[in-house]
Each structure stands twice: as structure tokens, then as C-alpha cells.
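Examining the three-dimensional arrangement
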Amino acid sequence: MRPVRTTLTIDDRVLAAARSRAHQRGLTVGEALSELALMGYQAELEAISRSSGFPVLPHVPGHVITVDMVDSALDDE
């Protein structure tokens, strides 16, 4: 994955947590922020999955799964 440079406004507490994580783990602040963001995203997916009882796949913009696609996949079993 290629890193992307951008400008963000980050809560001071989040930046402090990222700096602390970066220092403890020998990472850049950007790497630590990425790790923290992915951890939060994964935790959110797991919470949704637990509440509904079904696994939840990440949303892919522009990708739609139709009933016909599901029926076709079930026919392949």
C-alpha cells in the first residue's frame, strides 16, 4: 500500500494517543494513527456483527449485491 499525504484536523487527545503509541512501538505518528484507525474500524464491524448475529462485510462504494447474485451463488452449491 502506498502512503498518501494529506492534511487533517485531529483531536488533541487522538494525536497524543498516536504519539504515545508511535513512541512505544517505534512507529511514525502516521503509522500509529493508521493502526488506531483500523483498530477502531474493526471494532465497529465486530460490534455490528455481534448485535445482528450476522457477519458484516465492509462497504465498497458502487458495489451492489442483488438477490439474483445471491440466488446464483446458492445454485452453485
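Just so you know, these numbers come straight off a predicted model, no measurement behind them.

1. Points about the layout of surface pockets
Size it by volume and the largest pocket reaches roughly 560 Å³. Every residue lining the largest pocket is counted, 14 residues in all, and those nearest its centre are Val4, Arg5, Thr6, Gly30 and Ser34. Looking at the lining of the largest pocket residue by residue, the classes come out as 6 nonpolar, 5 polar and 3 charged.

2. A word on helix α1 (residues 12-25)
Under the 1.5 Å per step criterion, the end-to-end length of α1 is 20 Å for 14 residues, consistent within 8% with the ideal 20 Å. Within the sequence span of α1, burial applies to Ala18, Arg21 and Ala22. One side of α1 holds all its buried residues, which, seen down the axis, span an arc of 100°. Structural note: α1 exposes Asp12, Arg13, Arg19, His23 and Gln24 on the side pointing more than 90 degrees away from its buried face. By the N-cap criterion, in which a side-chain oxygen at the helix start approaches the backbone nitrogen of a residue two or three places on, α1 is capped by Asp11, the distance to Arg13 being 2.7 Å. Just downstream of α1, Gly26 is the residue with a positive phi angle, here 70°.

3. Concerning the environment of Pro3
Among the structural elements, Pro3 can be located in the segment before α1. You can call Pro3 exposed: its relative accessible area is 70%.

4. Description of the pattern of salt bridges
Taken as a whole and judged by the stated rule, the model has 3 salt bridges. Where Glu35 meets Arg25, a salt bridge forms, and the shortest distance between an N and an O atom there is 3.3 Å. Taken together, the residues span a long stretch of sequence, with Glu35 in helix α2 (residues 29-52) and Arg25 in helix α1 at a distance of 10 residues. Judged by relative accessible area, Arg25 falls into the partly exposed class, the value being 48%. Residues joined by salt bridges that share partners form a network here, namely Arg21, Arg25 and Glu35.

5. A short note on a nonpolar patch on the surface
Judged by side-chain polarity, Ile65, Met69, Val70 and Leu74 come together as a nonpolar surface patch covering roughly 370 Å² of accessible area. Tracing the chain through its elements places Val70 in helix α3 (residues 67-75).

The rules behind these values
- Residues numbered from 1 in each chain as written.
- Predicted model: local features only at pLDDT ≥ 70, side-chain atom pairs only at ≥ 80, totals over all residues.
- Heavy atoms only, no water.
- 1 Å grid on protein atoms, 1.4 Å probe; cavity = no way out; pocket = protein on both sides within 12 Å on 5 of 7 lines; lining within 4 Å.
- Points joined across faces, edges and corners; volume = space filled by probe spheres on them.
- Nonpolar A, V, L, I, M, F, W, Y, C, P; charged D, E, K, R; others polar.
- Helix = DSSP H or I, 4+ residues; strand = E, 2+ residues; numbered from the N terminus.
- Expected span 1.5 Å × (residues − 1).
- Buried < 20%, exposed > 50% of the residue type's maximum accessible area, 1.4 Å probe, protein only.
- Arc of directions from axis to C-beta.
- Polar contact = N/O pair within 3.5 Å; in protein donor to acceptor, adjacent residues only side chain to side chain.
- Salt bridge = Lys/Arg side-chain N within 4 Å of Asp/Glu carboxyl O.
- Patch = residues over 30% accessible without salt bridge, like charges linked within 9 Å, V, L, I, M, F, W, Y side chains within 5 Å.
- Areas by Shrake-Rupley, 256 points an atom, 1.4 Å probe, with all protein chains shown as cover.

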